[in-house]
Amino acid sequence: MVLNPVISKLSGKLVVLASASPRRLEILTNVGLRFEVVPSWFKETLDKSLFKAPHEYAVETARQKALEVARRMPFKHLKTPDIVIGADTIVTVDGLILEKPVDKADAYRMLSRLSGKEHSVCTAVAIVLCHQQENEEIDYQMTDFYEETKVKFADLSETMLWEYIDSGEPMDKAGGYGIQALGGMLVEYIQGDFLNVVGFPLNRFCKQLDLIYNHDPVSNDVEHSVISSNGSLTNSIANPSSNSSLSSPTTSNPHTDSPIQNGPSASPASKVKRKDGQSALDDSSWALVNSLSKCSEGQENVSAVGSPVPPVTSRRPMNLPYVVDNVHTDDLKRVMELMDGFKASKVLFTASKLRVFDLLETRPGLVGAEVAQALEASLKGTECLLEACVSLGLLERKQGGSSLLSISHQEVVYENSRLAQRFLQSDSPSSLLGYMEHCDELVWPLFSHLESAVREGTNQHAKVSGKTITTNNLFQDLYYFRDAQKLQFMRAMHSIAGVAGPAVATAFDLSRFKTACDLGGCTGSMAHELAKAYPGLSVTVFDLPSVVEMSGDLFKDKLPKADLYILARVLHDWTDEKVHALLSKVSDACTPGSAVLVVETLLDGTRSYPALQSLSMLMQTMGKERTGSQYTQLLRQHGFGDVRIAHTWNFVDVVLAIKN
Ligand SMILES: C[S@@+](CC[C@H](N)C(=O)[O-])C[C@H]1O[C@@H](n2cnc3c(N)ncnc32)[C@H](O)[C@@H]1O
């Protein structure tokens, strides 16, 4: 299509970009567009499974972003924009939608998925035109489109991936990369609009503005749906030859003359369809999407919270304060989740202890009564527990049991979720049941004394078991004083090492070491993982006499000879003084080029797990978790000049320190 001048058509208009993306801002500024930035409060949480194709999800998100700002501004900013632009960029690969990574581990998952493959970048843009009418009501007209660009990544090495992730660039970008900066290094070729990959398809946007401002939509016979503030469809004209699109976010079928229901139109599938039945995305027809009076402030907020499609319902009087908005709702949700965190943990521990997951592994598809019978528990309590497990993603609820006790085939039956199959069944290789039992029996009672621990700065065993624990008797008197306790502790250590072991073993290339000694190696689970990863490595486990045959006291006895010493979750048990004593001893046992592998949860980044784990150490031991740089400093003080850190984002991270 011939492109006419469009940007000048917007001069004198209040143009608003409903996006905080600096890249979109730059693209639009560069072409001389004058606009305000009002980031949308619409949360990108639409249920992706409701959309037939990924681009439909992006379009709907762009629409909701733009509409939220268009509806908020007259009330919150006390001015009505002329035009609001919303955009959403998604990356799709193997049918999967990738948005912005939530953390480094997520960025790693995304980028390794993109490595060596072609993927698609889709930016959807929604343009809302706001017309203030004489009666103070505002009409909203919306048009939207999307642009797709194919991008091919080179094969990326692990080092390249991590170097890029550690640059911090992936974090605020769809798909975890930015083509305009460092991420450009990853790209072999692109097919399509480069700026679309950056975040805004400028050319297509200008074509769309051309359609809007250089052609009169009504005289062009384009599709034109009007929804009045009482929610009824008042007009509908169609032009089947039209090739651009506009849709009404509030109508389930704007092509009918029937009245449209008030209230939330829940499904994104309610988007306008073209006359020919195609998705509206390639159309450029018009729809007057909404008409709201200025006094419907509360409604604006309700819609943004509850539904992808803003409802048009009865008006609220201006003087009735309406206090819920997206931001508040998200904060409230977070606080509620945190307040309920202890209940969720206890549900997990109890269901594990009652062996619900083992039962449903051997007998999947049981109804509540059958589970209650097998557990010898009350029906009422069992049903509550099962439903709580479903809500936490531990179990799946299905319809139609075929069991003897089921009354009808429509009865609810339960099965283990994938998460439960992997981590909660006792026979799974990555079962965490041992650790769960430890958390429930030992850590849980300690945490009820968190306030005392914070005030006193010490462990709380005296309050729970009446035992005063010091650096000299931590293991012997606490964990190993009875066989049952010892085995429980060892099971806990074993299960974590089993899950984290493969990531620890491969965090660095350790193939040059021939002998390793796992100091405080407990059941040998970590040693086993190392030996598996490096068939040429002979690993010895050294622990207290009550734990292993190759025994001794780390602090008193001579250490076995090795060229790699492993200290996995040992240093975090001890005071700085003891840590210095131990590292000095390990350093003495090392020759130049030998190394120590410190495996600990590093207090780096913003994940909650390490911080909570550090509190757990405070409650249980003499020690604490430390940051990567604290370990680096400690190790350097003991003659390990070359210190490298690998964050595995598993239970533990890894520090490799090589002796000078
Ligand atoms: C927290 S556990 C870690 C176990 C194992 N490294 C892992 O990551 O699964 C600490 C280990 O240090 C051992 N340990 C504690 N004090 C010790 C000492 N004085 N000498 C030798 N081993 C000790 C304990 O028996 C226990 O196995």
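Our subject in this report is the structure included herewith. Since we're looking at a predicted model, the values are computed, not measured.

Some thoughts on the overall build of the protein
Along its length, the protein carries 22 helices and 19 strands. Looking at the 660 residues of the protein, the share that counts as buried comes to 52%. A sequence separation of at least 24 residues applies to 68% of the contacts in the protein between residues at least 6 apart. Summed over its atoms, the accessible surface of the protein is roughly 29,800 Å², and 53% of this surface lies on carbon and sulfur atoms.

Overview of the side chain of Ser525
Within the secondary structure, Ser525 is located in helix H19 (residues 525-533). Among the polar contacts made by the side chain of Ser525, one reaches the main-chain amide nitrogen of Gly498 at a distance of 3.4 Å. The contact partners of Ser525, leaving out residues within four places of it in the chain, are His494, Ala497 and Gly498.

Comments concerning the sheet that holds strand S12 (residues 395-399)
Here three strands make up an open sheet; going across it, the order is S11-S13-S12 and the pairing antiparallel. The open sheet has two edge strands, strand S11 (366-367) and S12, and neither has a second partner. As defined by bridge partners, S12 adjoins strand S13 (residues 412-416) across five bridges and the pair is classed as antiparallel. The residue of S13 that forms the bridge with Arg397 is Tyr414. Running over the sheet, helix H12 (residues 379-391) touches S12 and S13 and is turned about 105° from S12.

Thoughts on the sheet that holds strand S15 (residues 538-542)
Pairing is mixed in the open sheet, where six strands are placed in the order S15-S14-S16-S17-S19-S18. Strands at the two margins of the open sheet, each flanked by one partner only, are S15 and strand S18 (640-646). Neighbour-to-neighbour, the strand axes of the sheet open up by a mean angle of 20°, direction not taken into account. Taken together, the five bridges between strand S14 (residues 515-519) and S15 define a ladder with parallel strand orientation. Looking at the pairing, Leu519 lines up with Phe542 of S15. Along the sheet, helix H20 (residues 576-589) makes contact with S14, strand S16 (564-568), strand S17 (595-600), S18 and strand S19 (653-659), crossing S16 at roughly 160°.

Points about the packing of aromatic side chains
Counted under the stated rule, the structure contains 14 aromatic pairs. Ring geometry for Phe475 and Tyr479: centres 5.3 Å apart, planes at 50°, overall tilted. Here the residue Phe475 and the residue Tyr479 both occupy positions in helix H17 (residues 474-479), the gap between them amounting to four residues, near one helical turn. Note on accessibility: Phe475 and Tyr479 belong to one class, buried.

Examining the site of the ligand
Around the ligand sit 18 residues, and of these Tyr480, Gly520, Asp543, Ala568 and Arg569 come closest. Taking Gly520, its main chain carries an N or O atom lying 2.7 Å from a nitrogen atom of the ligand. One of the backbone nitrogen or oxygen atoms of Leu554 is found 2.8 Å away from a nitrogen atom of the ligand. Notes on the ligand: free accessible area 590 Å², of which the protein chains cover 97%. Considering each element in turn, the shell around the ligand owes the most residues, three residues, to helix H18 (residues 483-505).

Observations regarding the environment of Pro170
Relative to the helices and strands, Pro170 is located in the loop between helix H4 (158-166) and strand S7 (187-191). A C-alpha to C-alpha distance of 7.3 Å links Pro170 and Pro101, two positions 69 residues apart in sequence. Contacts of Pro170, omitting those with residues within four sequence positions, involve Pro101, Ala107, Leu111, Tyr164, Ile165, Gly176 and Tyr177.

Brief notes about the packing of H20 against helix H22 (residues 628-637)
Relative orientation of the contacting elements H20 and H22 amounts to 50°, with a least axis distance of 9 Å. Considered as vectors, H20 and H22 are oriented oblique to each other. Here H20 and H22 pass one another in a crossing that is right-handed. On H22, the residues that touch Val579, His580 and Leu583 of H20 are Leu634, Leu635 and Gln637. For the contact of H20 with H22, a count of residues per class yields four nonpolar, two polar and no charged.

Comments concerning the pattern of salt bridges
For side chains bearing opposite charge, pairing can occur when the charged atoms are close. Following the criterion strictly, the structure yields 33 salt bridges and no others. Here Lys117 ties to Asp94 by a salt bridge, and the two come within 3.0 Å at their closest N and O atoms. On the criterion of sequence distance, the pair formed by Lys117 in the loop between helix H3 (104-114) and strand S5 (118-132) and Asp94 in the loop between strand S3 (83-93) and strand S4 (96-98) is long-range, its members being 23 residues apart. Residue classification places Lys117 among the partly exposed residues on the basis of a relative accessible area of 30%. Looking at Asp94, the relative accessible area reads 54%, which means it is exposed. Notably, a salt bridge pairs Lys152 with Glu188, separated by 2.8 Å at the nearest N-O pair. Linking Lys152 in strand S6 (residues 138-153) with Glu188 in strand S7, this pair joins segments that are 36 residues apart in sequence. In this structure Lys152 comes out as buried when scored by relative accessible area, which is 17%. For Glu188, a relative accessible area of 47% gives the class partly exposed.

Details of the nonpolar core
The biggest cluster of nonpolar side chains holds 94 residues, and the ones touching the most others in it are Tyr565, Leu597 and Leu635. Setting aside its immediate chain neighbours within four residues, Tyr565 contacts Cys517, Leu519, Leu559, Pro560, Val586, Ala589, Cys590, Ala595, Val596 and Leu597. Counting residues in hydrophobic clusters, the runner-up holds 43 residues, among them Val6, Leu17, Ile179 and Leu209.

About the thresholds
Residues numbered from 1 in each chain as written. Predicted model: local features only at pLDDT ≥ 70, side-chain atom pairs only at ≥ 80, totals over all residues. Heavy atoms only, no water. Helix = DSSP H or I, 4+ residues; strand = E, 2+ residues; numbered from the N terminus. Buried < 20%, exposed > 50% of the residue type's maximum accessible area, 1.4 Å probe, protein only. Contact = heavy atoms within 4.5 Å. Areas by Shrake-Rupley, 256 points an atom, 1.4 Å probe, with all protein chains shown as cover. Polar contact = N/O pair within 3.5 Å; in protein donor to acceptor, adjacent residues only side chain to side chain. Pairing = 2+ DSSP bridges. Axes fitted to C-alpha atoms, helices over the stretch in contact; angles between N-to-C directions. Phe/Tyr/Trp six-rings, centres within 6.5 Å; stacked < 30°, edge-to-face > 60°. Near = heavy atom within 4 Å. Parallel < 35°, antiparallel > 145°, perpendicular 65-115°, else oblique. Left-handed = near helix turned anticlockwise from the far one by under 90°. Nonpolar A, V, L, I, M, F, W, Y, C, P; charged D, E, K, R; others polar. Salt bridge = Lys/Arg side-chain N within 4 Å of Asp/Glu carboxyl O. Core = buried A, V, L, I, M, F, W, Y, C linked by side-chain atoms within 4.5 Å.

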